[in-house]
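Spelled out from the first residue to the last, the chains are:
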Amino acid sequence: MTGAQPKLLRHETVLAALTMIAMAVLASLSDKFFTADNLLNQGRLMAEVGLISLAMTFVIVTGGIDLSVGSILGLTAILLGVFWKNLGLPLPAAIVLATVCGTFAGFVNGLIITRFGVPPLIATLATLALYRGLAEGISEARSVRGYPEWFFFFGQGEVLGVPFQLWVLGLATAAAAVILGLTPFGRATYAIGANEVAARFSGIRVNAVKLWIYTASGFCAALAAVIFVSRVTTTRSDMGTGLELDAITAVVLGGTSIFGGRGTIIGTALGLVLIQALKNGLALSGVKGDGAIVVIGLVLIGAILVGALFDRNRGG
Amino acid sequence: MQAEQMSAAAASDVALPIALAGISKSFAGIRVVNDVSFDMRPGEVHALMGENGAGKSTLIKIMAGLHQPDSGEIMVSGKAVRFASPREAHAAGIATVHQELLLFPELTVAENIFIGQTPKTALGAIDWTAMRRRARQLLDELDSGDLDIDQKVIHLSVGNRQRIEIARALAQDARVLIMDEPTAALAEHDVQRLMSIVRSLRKRGVAIVYVSHRMPEIFALADRVTVLRDGHLVGTRPVPEVDEPALVSMMVGRSIDRLYPAKQGKDGDVMLELAGVCHRGAVRDISFQLRRGEILGLAGLVGSGRTETALTIFGVTPATAGRILIDGKPVTIASPGQARDLGIAYVPEDRAHQGLIRPQTIEDNIALANLGRLTRGFFVDAAKVAAEARGAIARFGIRARGPGQPVRQLSGGNQQKVVLAKWLATNPRILIMDEPTRGIDVGAKAEIHQLMRKLAGEGMAILMISSELPEVLGMSDRVLVMNGGRIAGEFDKAHATAEAVGTVMTRSYARERAA
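Residues numbered from 1 in each chain as written. Chains lettered and ligands numbered in written order. Predicted model: local features only at pLDDT ≥ 70, side-chain atom pairs only at ≥ 80, totals over all residues. Heavy atoms only, no water.

> When you look at the overall build of chain B in this model, what are you seeing that I'm missing?
Secondary structure assignment for chain B yields 18 helices and 22 strands. The C-alpha atoms of chain B give a radius of gyration of 25 Å, which matches the 24 Å a tight globule of 515 residues would have. Its C-alpha atoms put chain B at 75 × 55 × 50 Å along the principal axes. In chain B, which comprises 515 residues, the proportion classed as buried is 53%. (Helix = DSSP H or I, 4+ residues; strand = E, 2+ residues; numbered from the N terminus. Rg over C-alpha atoms; globule rule 2.2 N^0.38 Å. Buried < 20%, exposed > 50% of the residue type's maximum accessible area, 1.4 Å probe, protein only.)

Next comes the structure, spelled out in structure tokens:
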């Protein structure tokens, strides 16, 4: 991607500057914003949508979309509770098994998309309903609580003064950036998004790559579910509702083209931070929830317009 | 005397349907059209020629209102105009038949002809009767009365779609019709038909800008020819005053050896063998052998199963029956990746769609089929990728700023060289080339032909598909003719004449249609 990189980095430079400005403004609006405690706590809140956004970046770079991640999160959370409480499995086994189920849900998405050629939007719209319905059916509207103390470490614990899930997110971000930017798998991902036919004609195993990516998307949603349950200490079937849109917003704000072929993990990370900063900072400065959403919408439109401007300047 | 000529020229200027004076246009700081003047007289066919990248496309896009010139003047009927959009160019009577036909596949023939200018009834509803009558009339004028105006365009052949585009231009009362490589995708009998349509349009006073690489068409049709090179105007000449070598040297600035390179060495062992290979109804019972060092030509009309056969060998549409043998050993090819690992390379017919990832760079495109070799540990070796691309640029003479340039910005010939470079980097033993020189200028064409011969001389087995009969006959050591998914004839070099091959191609076509 050497040729494409300078212009992608330009988008990211703009985004980084924007994030910096937003931080500065928010810090001046509220003295609580720019404190270590608040920032680390925001990092904690960001982890779940962050993990999902990383996989979503790959999905969108291939020109696809995964709307079912919020439902997979809900389903995994419910299964975790049910495996432990109702089936009496040991909690570690329940965690692993639920994560496997969430990953499998992503794998099923991939199968529907690659084997039957269903457009990702339709396929995952269907499984969005399907997985959420399963979660609600299994939970029978009961929540699960009373998890043992050690389990809360994933969502509430700290390592070296930094929330545990922020370490997870950091490592996952680094891994995702390396995979997308430096490996043959990453090259294949970009190629599929830019021109799937030409990628196939070049000997790229298009379906295998896509299957991996949708499976990884399920896995990330499942990890997020475990952290989520641990953070809020209960399991409910409506967990993660609408999370897919937050993830897509972060990815698109980060400069990934919704048509595929372009985007970076760094961009997604910046998009995430900017959204979280806006949400938190505006709330702290007394702007109501609706106001924050409006601002995020405006920022998204602005970022896309700037991106389009770059596109035009490229010419050719 | 001179004054008289001047005034006569000035008087005729007023009547010129379009005249460009001193047009320049730059993209990203690169001047692609430089001080070009060009004019059209009513009822003339004016050929516009030049190698790819010479600036023809940009010039016709300026006339069609898609691009605005940086400097220079456009005059329509003596009045200076500035087209802000294609719509304004249409209004001024300038229509374009694009290389990629821009029709709506799900609409009918009549709807397509009148899209954007539908006849209305007094109540403002679409006047279907008038529309169908006018459509019928326009197609009759184009000698295409056989077209069903109520049929959806999706079912029509390229030749028929093109006639619809021409009818659409006539429906707009076009006085200038720009045709961008109209015969590039046409079979021979469609070409003849198109040429007679062009002649009848000329008789009606329509001025036709005819962009083509094909010399015979230029000499059969055009009244004048304008040649561009590297964005500059080389000259405008009446066609009777030039001959083919003169045009070629105008285009390339040097004289080109138009002869097809001669065979070197002898054929070796059988490298690829097909025995009764089928793919659904498109590829039927194909059997042939391809030897080391041989160039085997696959002739046939578009849709006769040539490309489908190539796709089956390459694993895009795996064989449903029959056997494929490489070096005498049966192999299974279920994907392009497998085909590549067996030493098969396929340079596809559709460069933009199948051959290249156009937004990506030259080095990314070349690396894509070679990722396994260009990876160290888990990571793509960026230095190796760049070195590979630089090597290819030097070896194939690709005209580019560097390995980091997006292939979209290259001319057709250079794009084709990138596709070739990508596949030759896989070190193939069997090379399938589908329309290897389609839409490529004479200079690049000769280079690619020489390269093919050299590769064959080095022991590569080459299967070449081409719709250009002279190319098939000139390049091939042996010719297979396909029709209706089958092999209808085989000719060795001595017996492969245009008449013999052409007869088999078309005879089988008629039988297929009747069946």
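There's more to say after this.
> Would you mind showing me how to read helix 7 (residues 188-203) of chain B here?
Residues spaced three or four apart along an α-helix point in a common direction, a consequence of the helix completing one turn every 3.6 residues. Residues and elements named next belong to chain B. Over its 16 residues, helix 7 runs 23 Å from end to end, which matches the ideal 22 Å to within 8%, given 1.5 Å per residue. Buried within helix 7 we find Asp190, Val191, Leu194, Met195, Ile197, Val198 and Leu201. Looking straight down helix 7, one finds that the buried residues subtend no more than 160 degrees of arc, so they occupy a single side. The secondary structure elements touched by the buried residues of helix 7 are strand 3 (45-49), helix 6 (158-171), strand 7 (176-180), strand 8 (207-211) and helix 8 (215-221). Backbone geometry just downstream of helix 7 places Gly205 in the positive-phi region, at approximately 95 degrees. (Expected span 1.5 Å × (residues − 1). Arc of directions from axis to C-beta. Contact = heavy atoms within 4.5 Å.)

> Sorry, what's going on with the sheet that holds strand 15 (residues 329-331) of chain B here?
The strands making up a sheet associate through backbone hydrogen bonding, with each pair oriented either parallel or antiparallel. Residues and elements named next belong to chain B. Taking strand neighbours across the sheet as the criterion, the 4 strands line up as 12-11-14-15 in an open arrangement whose pairing is antiparallel. The open sheet has two free edges, formed respectively by strand 12 (283-291) and strand 15, since each of these has just one partner strand. Between one strand axis and the next, the sheet turns by 25 degrees as a mean value, whatever way the strands run. With 3 bridges joining them, strand 14 (residues 321-326) and strand 15 adopt antiparallel strand pairing. If you follow Leu325 over to strand 15, its bridge partner there is Pro330. Strand contacts of helix 10 (residues 306-313): strand 11 (270-279), strand 12 and strand 14, with the helix running at about 70 degrees to strand 12, the strand carrying the most contacts. (Pairing = 2+ DSSP bridges. Axes fitted to C-alpha atoms, helices over the stretch in contact; angles between N-to-C directions.)

> Any chance you could explain the interface of chain A and chain B here in plain terms?
With 24 residues of chain A in contact, the opposing surface of chain B contributes 32 residues. For the chain A and chain B pair, buried surface summed over both sides reaches about 2,300 Å², with 60% attributable to carbon and sulfur atoms. For the pair chain A and chain B, the interface holds 1 salt bridge. Counting residues per element, the ones that place at least two in the side of chain A that touches chain B are helix 7 (164-182), helix 8 (184-194) and helix 9 (196-201) of chain A. Here the side of chain A that touches chain B is built from residues that sort into 13 nonpolar, 8 polar and 3 charged. (Buried area = accessible area lost by both parts, 1.4 Å probe. Salt bridge = Lys/Arg side-chain N within 4 Å of Asp/Glu carboxyl O. Nonpolar A, V, L, I, M, F, W, Y, C, P; charged D, E, K, R; others polar.)

> Where do I start with the packing of aromatic side chains in this structure?
Any two aromatic rings considered together are summarised by their centre-to-centre distance and by the angle between their planes. All names here are of chain A. According to the stated counting rule, one finds 15 aromatic pairs over all chains in the structure shown. Plain terms: the ring middles of Phe153 and Phe164 are 4.9 Å apart, the flat faces sit at 45 degrees to each other, and that makes the pair tilted. You can see Phe153 sitting in helix 6 (residues 153-156) and its partner Phe164 sitting in helix 7, a full 11 residues away along the chain. (Phe/Tyr/Trp six-rings, centres within 6.5 Å; stacked < 30°, edge-to-face > 60°.)

> What exactly am I supposed to notice about the confidence of the model for chain A here?
Interpretation of the predicted coordinates at a detailed level should be avoided for regions scoring low in pLDDT. Looking at chain A as a whole, the pLDDT averages 89, with 95% of positions reaching at least 70. Segment residues 1-5 of chain A: pLDDT under 50, and 9 contacts once partners within four positions in sequence are set aside and those in other chains are kept. (pLDDT = per-residue confidence, 0-100.)

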